[in-house]
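In case you want the letters, here they are:
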Amino acid sequence: MKTIAEVLIEHQRQSSSACLCGWSELGRSHPGHQAAALSAAGFGPVQEAKAQALRDAADNVVEIDGRPDYAARDWLRARADKQAAS
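All values reported here derive from a predicted model rather than from experimental measurement.

Draft legend 1. Structural detail: the overall build of the protein. Counting secondary structure elements, the protein contains four helices and two strands. Ordering the α and β elements of the protein from the N terminus gives α-α-α-β-β-α. Taking 2.2 N^0.38 as the reference for a compact globule, 86 residues should give roughly 12 Å; the C-alpha atoms of the protein span a radius of gyration of 17 Å, well beyond that estimate. Dimensions along the principal axes, computed over C-alpha positions, put the protein at roughly 55 × 25 × 20 Å. A burial count over the protein gives 21% of its 86 residues as buried. By element, 55% of the accessible surface of the protein is carried by carbon and sulfur atoms, the whole surface being about 6,000 Å².

What follows is the structure in structure tokens.
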């Protein structure tokens, strides 16, 4: 499975009217096209992908002096919840 970054790199704006993948629809939203590409790649809504990335980061918080940084973990989880709700 591709990463979010790989999908977005494939769908960069090539010019004011076209995407690197060849997509070009006059009057249509390029960010909308990118969101559709992310969904097609299995990432679902962009907000949920961001929330999942924050949850993953919270699950992998670095330890400080041999103890987990609970404040950072809790902040990341709260941010993930806020992102998912938006």
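So that's the structure; there's more coming.
Draft legend 2. Structural context of the pattern of salt bridges. Using the criterion set out here, one finds four salt bridges in the structure. Of the charged contacts in the structure, one is a salt bridge between Glu-10 and Lys-2, with a shortest N-O distance of 2.7 Å.

Draft legend 3. Just helix 4 (residues 70-85), in detail. In this model, helix 4 (16 residues) spans 23 Å end to end at C-alpha, consistent with the 22 Å of a helix rising 1.5 Å per residue. Within the span of helix 4, buried status applies to Leu-76, Ala-80 and Gln-83. In an axial view of helix 4, the angular spread of the buried residues amounts to 65 degrees, which keeps them on one side of the axis. Exposed side of helix 4, more than 90 degrees from the buried face: Ala-71, Trp-75, Asp-81, Lys-82 and Ala-85 are the residues found there. On its buried face, helix 4 is in contact with helix 3 (46-59).

Draft legend 4. Local environment of the nonpolar core. Val-7, Ala-37, Leu-38, Phe-43 and Ala-49 together form the largest nonpolar core, which totals five residues. Each residue touching Leu-38, except ones within four places of it in the same chain, is listed here: Ile-4, Val-7, Leu-8, Phe-43, Gly-44 and Val-46.

Criteria and cut-off values
Residues numbered from 1 in each chain as written. Predicted model: local features only at pLDDT ≥ 70, side-chain atom pairs only at ≥ 80, totals over all residues. Heavy atoms only, no water. Helix = DSSP H or I, 4+ residues; strand = E, 2+ residues; numbered from the N terminus. Rg over C-alpha atoms; globule rule 2.2 N^0.38 Å. Buried < 20%, exposed > 50% of the residue type's maximum accessible area, 1.4 Å probe, protein only. Areas by Shrake-Rupley, 256 points an atom, 1.4 Å probe, with all protein chains shown as cover. Salt bridge = Lys/Arg side-chain N within 4 Å of Asp/Glu carboxyl O. Expected span 1.5 Å × (residues − 1). Arc of directions from axis to C-beta. Contact = heavy atoms within 4.5 Å. Core = buried A, V, L, I, M, F, W, Y, C linked by side-chain atoms within 4.5 Å.

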